[in-house]
Amino acid sequence: MAVQSVESSTTPVALGPAAALSCRECGERFGLGPIFACAVCFGPLEVAYELPAGDPEALRRRIEAGPRNIWRYAPLLPVPADVADKPGLNPGFTQLVKADNLARELGFTGGLYVKDDSGNPTHSFKDRVVAIAVEAARAFGFTTLSCSSTGNLAGAVGAAAARAGFRSCVFIPHDLEAGKVVMAAVYGGDLVGIEGTYDDVNRFCSELIGDPLGEGWGFVNVNLRPYYGEGSKTLAYEICEQLGWRLPDQIVVPVASGSQLTKIDKGLKELVALGLVEDRPYKIFGAQAEGCSPVSRAFKDGQDVVRPVKPDTIAKSLAIGNPADGPYVLDIARRTGGAVEDVTDPEIVDAIRLLARTEGIFAETAGGVTVGVTRKLVERGLLDPSLTTVVLNTGDGLKTLDAVAAGPMVTIRPSLDAFRDAGL
C-alpha cells in the first residue's frame, strides 16, 4: 500500500480545512490520499484539520446562514469550499424530536430527544458519510464508487453515485432484508451478493482494492474510510445546534463498526475547541444487539480487546462481528462515564413498537436497539433520566418490515353494525 508523507506531498488536494491524515495509534502524519492504514504501525488513519480560528460568534453566524443540510458545516469538514454547488443528495439537518411521550413511558424527567435520521434522502444516516466520501472520490480521480455494506450503505452509495455521475458497484451479504436489497439495486448500479457475513464481504473488498480489477475504485468504507467517517461528526454538530448550541448530557448511539460513535465524540470535542459550545461533561453510551454484541461484552467484562463473534440478530445493520472501532468505543464510553449495553431481538421489536406508538417514528431495527438499550440503561441506573438525553434513530422501519409483523386488528363487513359488533 503506497503512502505519502505530508512533507513530500507535491499534489495539493482541495478538501477544505483537511490538512493531513493522522494515525490514531502512533500519531504519524501522511498526505491526503486514498489510504486508510498507517505505514508505520498499521493503525487506522483519520483526518487532521486546520480548523478556522477567531470569533466563535462569527463562525456560528456563518453556519446558521448556510444551507439546511450538512454543507452548513463545510468549514469543519474535508470538502471543498464550493461543495454545496456540486451535484449531490445534500443530506442532513434532520429532525431532533422532543420525545415527551416516550419520556413519560421511560420515566424521564429531563429532556429526551430522538435524532431521527430516517429523514435523509435514502432514509438512513449513511447518506451523511457517503456525501463526504464522494468529495474525496472526486478529489482523487476515482470513477467507480463501491462499498461493503449491511444494506443501508449500499443504497446510499448507489443513490449518491447516480446523482454525482459515478459508476457504482456495491457488495452485500446474500441474505439481507428484501427492502434494503431493493433500495440498493434500484439506482441502476451493480449489486453483488456475497455468500457469508458482512465481515466476509468486507474482507473481499479489501482484497479487491489490491487487485487490478479494483483500479479506479473508491471504496467509501475502506480506502476512503478516513473521509467517510467524518460525515458522522455532522450528527454531533446538528444535535448541539438544535439544542441551542449546547452539549447534550447523554447520548445513546448504535454500534456496528463503532465509527459513528467515535466520530460523534470527535465532533463534540471540536465544537468545544472552537468555542461554539460550552465545555462541560457529557456521557456517550453504545447500543448493540445481543446477537452481535462483542463491544458490549468486552465493556461488561472489563476487557480492552474486542473479540470477534458470529452475528445472529434481526438488527442486520449492526451485524458486524469484528468491529474495527470497537476498542475506541470502549475508550470513549469509559472516558465519558458512559457504558455499552445490548438488548435481545424481542426487546428490539418491543422498542420499535414503543417508539412508533409514543412518537410516531417508525425506526428500523437499529433504532429499536438504541431505544431498547436506553430503557435498559435507565432501569439499571446507568443513565440519569433527569438529564438531557439524545437517542439516535439511524434508519427507516420500512427497510426492516420483516422484524415487525403487523396487519389489521380485525376485518369487518362495510357496515356500522359490523363495526359495532367488533367492539371498536
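Residues numbered from 1 in each chain as written. Predicted model: local features only at pLDDT ≥ 70, side-chain atom pairs only at ≥ 80, totals over all residues. Heavy atoms only, no water.

A. Highlighting the overall build of the protein chain. Along its length, the protein chain carries 14 helices and 13 strands. For 424 residues, the compact-globule estimate of 2.2 N^0.38 gives 22 Å, and the protein chain sits close to it at 21 Å. Once the C-alpha set of the protein chain is aligned to its principal axes, its extents read approximately 80 × 45 × 45 Å. Counting across all 424 residues of the protein chain, residues that qualify as buried make up 58%. (Helix = DSSP H or I, 4+ residues; strand = E, 2+ residues; numbered from the N terminus. Rg over C-alpha atoms; globule rule 2.2 N^0.38 Å. Buried < 20%, exposed > 50% of the residue type's maximum accessible area, 1.4 Å probe, protein only.)

B. Representation of the pattern of salt bridges in the model. This model, assessed by the stated rule, comprises 31 salt bridges. Linking Asp100 and Lys98 is a salt bridge whose minimum nitrogen-to-oxygen distance equals 2.8 Å. A salt bridge links Arg375 to Asp350, with the nearest nitrogen and oxygen atoms 2.7 Å apart. A residue pair is termed long-range when its members are at least 10 positions apart, and Arg375 in helix H13 (residues 365–379) and Asp350 in helix H12 (residues 345–359) qualify at 25 residues. (Salt bridge = Lys/Arg side-chain N within 4 Å of Asp/Glu carboxyl O.)

C. Examining the confidence of the model for the protein chain more closely. Put simply, the protein chain has an average pLDDT of 94, and 97% of its residues get 70 or more. Low pLDDT, under 50, characterises residues 1–10; the stretch is placed with 19 contacts to residues that sit more than four places away or in other chains. (pLDDT = per-residue confidence, 0-100. Contact = heavy atoms within 4.5 Å.)

D. Just the side chain of Lys115, in detail. Relative to the helices and strands, Lys115 is located in strand S5 (residues 112–116). Judged by its relative accessible area of 0%, Lys115 is buried. Within the local environment of Lys115, its side chain forms a polar contact with the side chain of Glu238, the two groups lying 2.7 Å apart. (Polar contact = N/O pair within 3.5 Å; in protein donor to acceptor, adjacent residues only side chain to side chain.)

E. Local environment of the nonpolar core. Among the nonpolar cores identified, the biggest contains 120 residues, and Tyr227 and Val369 are the most heavily contacted of them. Looking at which element gives the most residues to this core, the answer is helix H3 (residues 126–139), with eight residues. In this structure, Tyr227 is in contact with Leu15, Leu21, Leu32, Gly33, Val47, Pro78, Ile132, Ala136 and Phe140, ignoring residues within four places of it in sequence. Membership of the second largest hydrophobic core comes to nine residues, among which are Phe171, Cys205, Leu208 and Trp217. (Core = buried A, V, L, I, M, F, W, Y, C linked by side-chain atoms within 4.5 Å.)

F. Region of interest: the environment of Leu243. By secondary structure assignment, the location of Leu243 is in the loop between helix H8 (233–242) and strand S10 (250–254). In this structure Leu243 comes out as buried when scored by relative accessible area, which is 7%. For the pair formed by Leu243 and Glu105, sequence separation is 138 residues and the distance between their alpha carbons is 22 Å. In this view, Leu243 contacts Leu96, Tyr113, Pro248, Thr388 and Val390; residues no more than four positions away in its chain are not counted.

G. The packing of H3 against helix H4 (residues 152–164), seen in detail. Running from N to C, H3 and H4 point in directions that differ by 45°, and their axes come no closer than 9 Å. Taken together, the axes of H3 and H4 are oblique relative to one another. Remark: the crossing between H3 and H4 carries right-handed chirality. Each of Lys126, Asp127, Val130, Val134 and Arg138 in H3 lies in contact with H4, whose residues at this interface are Asn152, Leu153, Ala156, Val157, Ala160 and Ala164. (Axes fitted to C-alpha atoms, helices over the stretch in contact; angles between N-to-C directions. Parallel < 35°, antiparallel > 145°, perpendicular 65-115°, else oblique. Left-handed = near helix turned anticlockwise from the far one by under 90°.)

H. Summary view of unusual backbone geometry. Positive phi, close to 70°, is recorded for Phe42, a residue that is not glycine. On the secondary structure map, Phe42 appears in the loop between strand S2 (29–30) and strand S3 (45–49). Phe42 gets classed as exposed once you look at its relative accessible area, which sits at 67%. The phi dihedral of Asn90 is positive, around 50°, even though this residue is not glycine. On the basis of relative accessible area, Asn90 is assigned to the partly exposed category, the value being 32%.

I. Molecular detail of the packing of helix H9 (residues 259–273) against helix H11 (residues 326–336). Here H9 crosses H11 at 45°, and the two axes come no closer than 9 Å. Judged by the inter-axis angle, H9 sits oblique to H11. Viewed along their axes, H9 and H11 form a crossing whose handedness is left-handed. Across the interface between the two elements, Leu261, Thr262, Asp265 and Lys269 of H9 pack against Tyr328, Val329, Ile332, Arg335 and Thr336 of H11. When grouped by side-chain class, the residues that make up the contact of H9 with H11 number four nonpolar, two polar and three charged. (Nonpolar A, V, L, I, M, F, W, Y, C, P; charged D, E, K, R; others polar.)

J. Inspection of the sheet that holds strand S9 (residues 217–219) at higher detail. Strands sit in the order S8-S7-S6-S9 across an open sheet of four strands; the sheet is parallel. Across the chains shown, the open sheet's two edge strands, defined by having one partner strand only, are strand S8 (190–194) and S9. Each neighbouring strand pair of the sheet contributes to a mean axis angle of 20°, computed without reference to strand direction. Pairing analysis gives five bridges linking strand S7 (residues 167–173) to S8, with the strands arranged parallel. (Pairing = 2+ DSSP bridges.)

K. Molecular detail of the sheet that holds S3. Spatial ordering of the open sheet is given by S2-S1-S3, a layout of three strands whose pairing is antiparallel. Looking at the sheet topology across the chains shown, the edges are occupied by S2 and S3. The pairing of strand S1 (residues 18–23) with S2 spans two bridges and is antiparallel. Residue Leu21 lies in a different strand from S2, and its bridge partner there is Phe30.

L. How the structure looks around the packing of aromatic side chains. What the rule picks out here adds up to five aromatic pairs. Through a chain of ring-to-ring contacts, the aromatic side chains of Phe171, Phe204, Trp217 and Phe219 assemble into a single cluster. A cation over a ring is seen here: Arg72 above Tyr73, with NZ or CZ 6.0 Å from the ring centre. One cation-aromatic arrangement involves Lys98 over Tyr113; the distance from NZ or CZ to the ring centre is 6.0 Å. (Phe/Tyr/Trp six-rings, centres within 6.5 Å; stacked < 30°, edge-to-face > 60°. Lys NZ or Arg CZ within 6 Å of the ring centre and 35° of its normal.)

M. Region of the structure containing the state of the cysteines. Inspection of every chain in the model, using the stated rule, returns zero disulfides. Cys23 takes part in no disulfide bond, and the closest cysteine sulfur, belonging to Cys41, lies 3.5 Å away. Between Cys147, a cysteine without a disulfide, and Cys205, which holds the nearest cysteine sulfur, the sulfur-to-sulfur distance is 7.2 Å. (Disulfide = S-S within 2.5 Å.)

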